[in-house]
Amino acid sequence: LTVGRVQKFRRLVLKQGGRVNVVKNTLLNVAVDGLAGVQELKPYFENQIAVVFAFNEPTAVAKAIHETAKEQEQLKIIAGYLEGAVINADKVQYL
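Residues numbered from 1 in each chain as written. Predicted model: local features only at pLDDT ≥ 70, side-chain atom pairs only at ≥ 80, totals over all residues. Heavy atoms only, no water.

Peer 1: So what about the packing of aromatic side chains? Which residues, and what values?
Peer 2: In the structure shown here, the tally under the stated rule is 1 aromatic pair. A centroid spacing of 6.4 Å and a plane angle of 10° characterise the contact between Phe 53 and Phe 55, whose relative ring orientation is stacked. (Phe/Tyr/Trp six-rings, centres within 6.5 Å; stacked < 30°, edge-to-face > 60°.)

Peer 1: Would you mind going over the packing of helix H1 (residues 3-15) against helix H3 (residues 58-71) in detail, with residue names and values included?
Peer 2: At a closest axis distance of 9 Å, the pairing of H1 and H3 adopts a crossing angle of 155°. Compared by their axis directions, H1 and H3 come out roughly antiparallel. Regarding H1 and H3, the two cross each other, and that crossing is right-handed. Between H1 and H3, the contacting residues are Lys 8, Phe 9, Leu 12 and Val 13 on the first element and Val 61, Ala 64, Ile 65, Thr 68 and Glu 71 on the second. A class-by-class count of the residues in the contact of H1 with H3 yields 6 nonpolar, 1 polar and 2 charged. (Axes fitted to C-alpha atoms, helices over the stretch in contact; angles between N-to-C directions. Helix = DSSP H or I, 4+ residues; strand = E, 2+ residues; numbered from the N terminus. Parallel < 35°, antiparallel > 145°, perpendicular 65-115°, else oblique. Left-handed = near helix turned anticlockwise from the far one by under 90°. Contact = heavy atoms within 4.5 Å. Nonpolar A, V, L, I, M, F, W, Y, C, P; charged D, E, K, R; others polar.)

Peer 1: Outline the environment of Tyr 81, supporting the account with residue identities and numerical values.
Peer 2: With respect to the element layout, Tyr 81 can be found in strand S3 (residues 79-82). Along the primary structure Tyr 81 and Val 92 are separated by 11 residues, whereas in three dimensions their C-alpha atoms are 8.8 Å apart. Each residue touching Tyr 81, except ones within four places of it in the same chain, is listed here: Ala 36, Gly 37, Val 38, Leu 41, Val 86 and Ile 87.

Peer 1: Break down unusual backbone geometry for me, citing the residues and quoting the values.
Peer 2: Its identity is not glycine, yet Asn 47 carries a phi of approximately 60°, on the positive side. Mapping Asn 47 onto the fold places it in the loop between helix H2 (25-32) and strand S2 (49-54).

Peer 1: Could you give an account of the side chain of Asn 25, with specific residues and numbers?
Peer 2: For Asn 25, the location among the structural elements is in helix H2. From its side chain, Asn 25 meets the backbone oxygen of Asn 47 in a polar contact 2.8 Å long. When near neighbours in sequence (up to four residues on either side) are disregarded, Asn 25 contacts Phe 45, Glu 46, Asn 47 and Ile 49. (Polar contact = N/O pair within 3.5 Å; in protein donor to acceptor, adjacent residues only side chain to side chain.)

So, in structure tokens, the structure goes:
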């Protein structure tokens, strides 16, 4: 995605009560070490990754991600983490 499109995506997620961070996989692997349940996300840490946090309404943030992914083929939902469990891309889109 271009910088402009990433910024637009960040603003959209922010309006829904979330935050988008683009992170390096090695840093992400270190960050999740020792966090129960979150370690199950490690197999998904490949290629370029954006981590999206939903603070208030996970469904509104998931909808913003889904709408952007429909417009931008390069953006793919690979997994999620909700209420202490890893969920696959289909469940994230269902939200």
